[in-house]
Every structure is written in structure tokens, then in C-alpha cells.
Amino acid sequence: QVQLVESGGGLVQAGGSLRLSCAASGRTFSRNAMAWFRQAPGKEREFVVAISSSGGSTYHADSVKGRFTISRDNAKNTMYLQMNSLKPEDTAVYYCAADRDSSNWSLVRARYDYWGQGTQVTVSS
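This report concerns the structure included in the present document. All values reported here derive from a predicted model rather than from experimental measurement.

## Details of the packing of aromatic side chains
Here the structure, examined in full by the defined rule, presents 6 aromatic pairs. The interplanar angle of 80° and the centroid separation of 5.7 Å between the aromatic rings of phenylalanine 37 and phenylalanine 47 together place this pair among those described as edge-to-face. A residue pair is termed long-range when its members are at least 10 positions apart, and phenylalanine 37 in strand S4 (residues 34–39) and phenylalanine 47 in strand S5 (residues 46–51) qualify at 10 residues. As far as the burial class goes, phenylalanine 37 and phenylalanine 47 line up, both buried. Seen in terms of ring centroids, phenylalanine 37 and tyrosine 112 are 5.7 Å apart; in terms of plane orientation they differ by 70°. Their pairing is edge-to-face.

## What about the sheet that holds strand S8 (residues 78–83)?
If you walk across this open sheet you meet the 4 strands as S1-S3-S8-S7, and the pairing is antiparallel. Two strands close off the open sheet at either side, each with one partner strand: strand S1 (3–7) and strand S7 (68–73). If you compare each strand with its neighbour and ignore which way they point, the axes differ by 15° on average. Inspection of the sheet shows S1 paired to strand S3 (residues 18–25) by 5 bridges, in the antiparallel sense. Bridge assignment links valine 5 to a residue of S3, and that residue is alanine 23.

## Observations concerning the side chain of arginine 72
Position of arginine 72 among the secondary structure elements: in strand S7. Engagement of the side chain of arginine 72 in a polar contact is seen with the backbone oxygen of asparagine 32, the distance being 2.8 Å. Polar contacts involving the side chain of arginine 72 include one to the main-chain carbonyl oxygen of serine 53, which spans 3.4 Å. Dropping the residues within four chain positions of it, arginine 72 is found in contact with Phe29, Ser30, Asn32, Ala33, Met34, Ile51, Ser52, Ser53, Gly55, Thr78, Met79 and Tyr80.

Analysis parameters
- Residues numbered from 1 in each chain as written.
- Predicted model: local features only at pLDDT ≥ 70, side-chain atom pairs only at ≥ 80, totals over all residues.
- Heavy atoms only, no water.
- Phe/Tyr/Trp six-rings, centres within 6.5 Å; stacked < 30°, edge-to-face > 60°.
- Helix = DSSP H or I, 4+ residues; strand = E, 2+ residues; numbered from the N terminus.
- Buried < 20%, exposed > 50% of the residue type's maximum accessible area, 1.4 Å probe, protein only.
- Pairing = 2+ DSSP bridges.
- Axes fitted to C-alpha atoms, helices over the stretch in contact; angles between N-to-C directions.
- Polar contact = N/O pair within 3.5 Å; in protein donor to acceptor, adjacent residues only side chain to side chain.
- Contact = heavy atoms within 4.5 Å.

Written out as C-alpha cells, the structure is:
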């Protein structure tokens, strides 16, 4: 059974930092693109950042560019999201996702086949 489990969320003041982790089990994702999405209350789930299978290529949404950094450790089957300079508008449930087939990242939510349960990130002003 494939599972993605996020951790590292919490409450932080504006300007602070958090590091999210996404641990995969049930299969290896070393040849698969992965991504982070987020969903704020009353809004649709939106793309945040994605990474290719090797980690050599990433793409960030404009809203997080320069503040968030995605990375992965394929030996540990784990992906990370370092979030710096957090803003109240970053408050959301953050989900990790994995593509079953492709090594190349995508911004499209439907491209991702596996999803974690989400971790809450709350940024206070």
C-alpha cells in the first residue's frame, strides 16, 4: 500500500520558518516527480512547487518564489519543503503528491496519482 505522510506543520509567526517533510512508503519514488500543493479554507487546492525525479529541476509558484525551497532525498524516499519568510496568506493545509509514471514535474493537480493526508500550516500576523 502506497502512503505519503506529511509532517512538520504548525503555528508560526509571520516572518518565521517551517520545514515540511513528506515520507513515502509502499514503493520508491526515485524515478517520479513530486510536488507540494496547498488548500486554504474556502479555496481550491493550488500548486506550490514541484521537483523532478532527480531533483535537478524545480518549479515554484510565483507566490512562493524566493521564499520556499523544495528538495528530496531519494535514498530516504522523502521530500522536503523549506518555508522561509512566511506570511499569513501562506496559511493552509499542505499536501504532498507524487506522479505514478513521469519523472518530469507538472503544475497540474490531476497529473499526480498519490496524495498525503495533509499537514496544517498556520501563520499568525
